[in-house]
Amino acid sequence: MTAYLHGFIPEEQQRLMDQAGVLGSLIYPRIDFAGCKKLLEVGSGVGAQTETLLRLFPDLEITCVDYSQSQLDRAKQNLAFACDRVKFVCQDAKELVLDEKYDSVFICWALEHIPNSHLVLEAVKPYLFPNAKLWFTEVFNSSFYFNPPLAGLSKYYLAYNEFQRSLGGNPDIGANLGNLLKRAGYTQIELFHGGFHLDQRNAEDLRNITQYWKGLMKSAGVGMITAGLITEVDLLAMEKDLDLIAEDDNAVFFYHFVQISATV
Ligand SMILES: C[S@@+](CC[C@H](N)C(=O)[O-])C[C@H]1O[C@@H](n2cnc3c(N)ncnc32)[C@H](O)[C@@H]1O
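The protein has the name Methyltransferase in an unreviewed UniProt entry, where Algoriphagus aquimarinus is given as its organism.

## Points about the nonpolar core
F33, V124, F136, Y186, W213 and F253 are the most contacted members of the largest nonpolar core, which has 83 residues in total. Counting residues in each nonpolar core, the second largest holds five residues, with L16, M17, V46 and A48 among its members.

## Overview of the packing of helix α7 (residues 203–218) against helix α9 (residues 232–247)
Helix packing for two helices is described by the angle between their axes and how far apart those axes are. The N-to-C vectors of α7 and α9 enclose an angle of 170°; their axes lie 9 Å apart at closest approach. Considered as vectors, α7 and α9 are oriented roughly antiparallel to each other. Across the interface between the two elements, L206, R207, T210, Q211, W213, K214, M217 and K218 of α7 pack against L235, M238, E239, L242, D243, I245, A246 and E247 of α9. Of the residues assigned to the contact of α7 with α9, the class counts are eight nonpolar, two polar and six charged.

## So, the side chain of E41
Relative to the helices and strands, E41 resides in strand β1 (residues 38–42). R85 provides the closest opposite charge to the buried, unpaired E41, separated from it by 11 Å. Within the structure, E41 has its side chain in polar contact with the side chain of T50 (distance 2.6 Å).

## Here's the deal with the site of the ligand
If you check the shell around the ligand, you find 21 residues, and the closest are G43, D66, Q71, A93 and C108. Note that an oxygen atom of the ligand is positioned 2.9 Å from one of the side-chain N or O atoms of Q71. D92 is positioned such that a nitrogen or oxygen atom in its side chain is 3.1 Å from a nitrogen atom of the ligand. Burial of the ligand by the protein amounts to 99% of the accessible area it has alone, namely 600 Å². When its residues are assigned to classes, the shell around the ligand shows ten nonpolar, nine polar and two charged.

## Things to note about the environment of I225
By the element assignment, I225 lies in helix α8 (residues 221–226). Relative accessible area serves as the criterion here: at 30%, I225 is assigned to the partly exposed category. In this structure the C-alpha to C-alpha distance between I225 and L235, which are ten residues apart in sequence, comes to 8.9 Å. Setting aside its immediate chain neighbours within four residues, I225 contacts I230, T231, E232 and L235.

## A closer look at the pattern of salt bridges
Counted by the stated rule, this structure contains nine salt bridges. Of the charged contacts in the structure, one is a salt bridge between E51 and R55, with a shortest N-O distance of 3.1 Å. Of the two residues, E51 and R55 both sit in helix α2 (residues 48–56), four residues apart, roughly one turn of that helix. The residue D92 makes a salt bridge to K94 at a minimum N-O spacing of 3.3 Å.

## Observations concerning the packing of helix α1 (residues 10–27) against α7
Viewed as axis vectors pointing N to C, α1 and α7 meet at an angle of 150°, and their least axial separation amounts to 11 Å. Taken together, α1 and α7 sit at an angle that is classed as roughly antiparallel. Note on packing geometry: the crossing formed by α1 with α7 is left-handed. On α7, the residues that touch R15, Q19, V22 and L23 of α1 are I209, Y212, G215 and L216. In terms of residue class, the contact of α1 with α7 is built from five nonpolar, two polar and one charged.

## Side note on the packing of aromatic side chains
The tally for this structure, following the rule as stated, stands at 18 aromatic pairs. Ring centres 5.7 Å apart and planes at 25° place the aromatic pair W135 and F192 in the stacked group. Of this pair, W135 sits in strand β5 (residues 128–138) while F192 sits in strand β7 (residues 187–199); the two residues are 57 residues apart in sequence, bridging distant segments of the chain. What links up through ring pairs into an aromatic cluster is the set F144, F146, Y157, Y160, F196, Y212, W213, F253 and Y255. Here the basic side chain of K38 rests over the ring of Y102, its NZ or CZ set 5.4 Å away from the ring centre. We note R55 situated over the ring of F81; from NZ or CZ to the ring centre the distance is 4.4 Å.

## What to know about unusual backbone geometry
Among all residues except glycine, the phi angle is most often negative; among peptide bonds, the trans geometry is most common. The residue after N147, namely P148, is reached through a cis peptide bond having omega 5°. When you line up the elements, P148 lands in the loop between β6 (145–147) and α5 (151–166). Not every positive phi belongs to a glycine, and N116 is a case in point at roughly 55°. Note on placement: N116 falls in the loop between β4 (102–108) and α4 (118–124). One non-glycine residue, Q188, lies in positive phi territory at about 50°. Position of Q188 relative to the elements: it lies in strand β7. Overall, the relative accessible area of 63% leaves Q188 in the exposed class.

The rules behind the values
Residues numbered from 1 in each chain as written. Predicted model: local features only at pLDDT ≥ 70, side-chain atom pairs only at ≥ 80, totals over all residues. Heavy atoms only, no water. Core = buried A, V, L, I, M, F, W, Y, C linked by side-chain atoms within 4.5 Å. Buried < 20%, exposed > 50% of the residue type's maximum accessible area, 1.4 Å probe, protein only. Axes fitted to C-alpha atoms, helices over the stretch in contact; angles between N-to-C directions. Helix = DSSP H or I, 4+ residues; strand = E, 2+ residues; numbered from the N terminus. Parallel < 35°, antiparallel > 145°, perpendicular 65-115°, else oblique. Contact = heavy atoms within 4.5 Å. Nonpolar A, V, L, I, M, F, W, Y, C, P; charged D, E, K, R; others polar. Lys, Arg positive; Asp, Glu negative; His and termini not counted. Salt bridge = Lys/Arg side-chain N within 4 Å of Asp/Glu carboxyl O. Polar contact = N/O pair within 3.5 Å; in protein donor to acceptor, adjacent residues only side chain to side chain. Near = heavy atom within 4 Å. Areas by Shrake-Rupley, 256 points an atom, 1.4 Å probe, with all protein chains shown as cover. Left-handed = near helix turned anticlockwise from the far one by under 90°. Phe/Tyr/Trp six-rings, centres within 6.5 Å; stacked < 30°, edge-to-face > 60°. Lys NZ or Arg CZ within 6 Å of the ring centre and 35° of its normal.

Here it is as structure tokens:
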């Protein structure tokens, strides 16, 4: 198993559940699995998105694939309310060996972590029925803009993205999803952007998202310190800067992720 940016400690597992709540209203308005019965979720983590999918699409049965048994164990607990509709498979998404076919695929915040992620798109294909619906949501970290300019946050963010790249991930994979899907032979590919453009018009959202961002940034903190990319002081500076943004009269917090739909 390759190293993973956020790690698998219980606090991180809870952060994934919280994150799904914070970002859910941005991720789900477009996603449409109407008419689908069997969905493959790749990089399902602790089942945070699975929970939403099960509630939004009551006809779906979902197979959750993750390469971490501890994530899947936590997912089993989180999804106990729908245990008859969920299966769990502990596998590397690049080397899938499944015994069923699916009419839908969902991936969220996972391809960004997987070196040679095009192999996931290849690995999934043999297990899809014709016309299967795919919905992916992925990061586009270069889209992040904030005001006022703050050196602590800038430094930390550069290091965060460098750390992800050093682990074989791609913090801008969202921007390249269209090319990846086209090259892997998927069709009817459509791209969408989602995210936030916050300022003092929506002060409460601004505060909530800067707090959420702190948690996201911190989740890689220990790994980044261990790798020698930042110090404890840099971590504290990043947190302080995010607090400053929330209070600044000219605050701007902008970030876009990318969603893509496609079929086979
Ligand atoms: C940021 S989490 C996202 C989890 C979930 N999709 C969500 O949005 O809450 C990424 C997940 O991808 C999993 N993962 C990373 N590389 C993987 C691989 N090669 N095969 C399968 N799962 C992988 C990690 O274990 C982790 O649970």
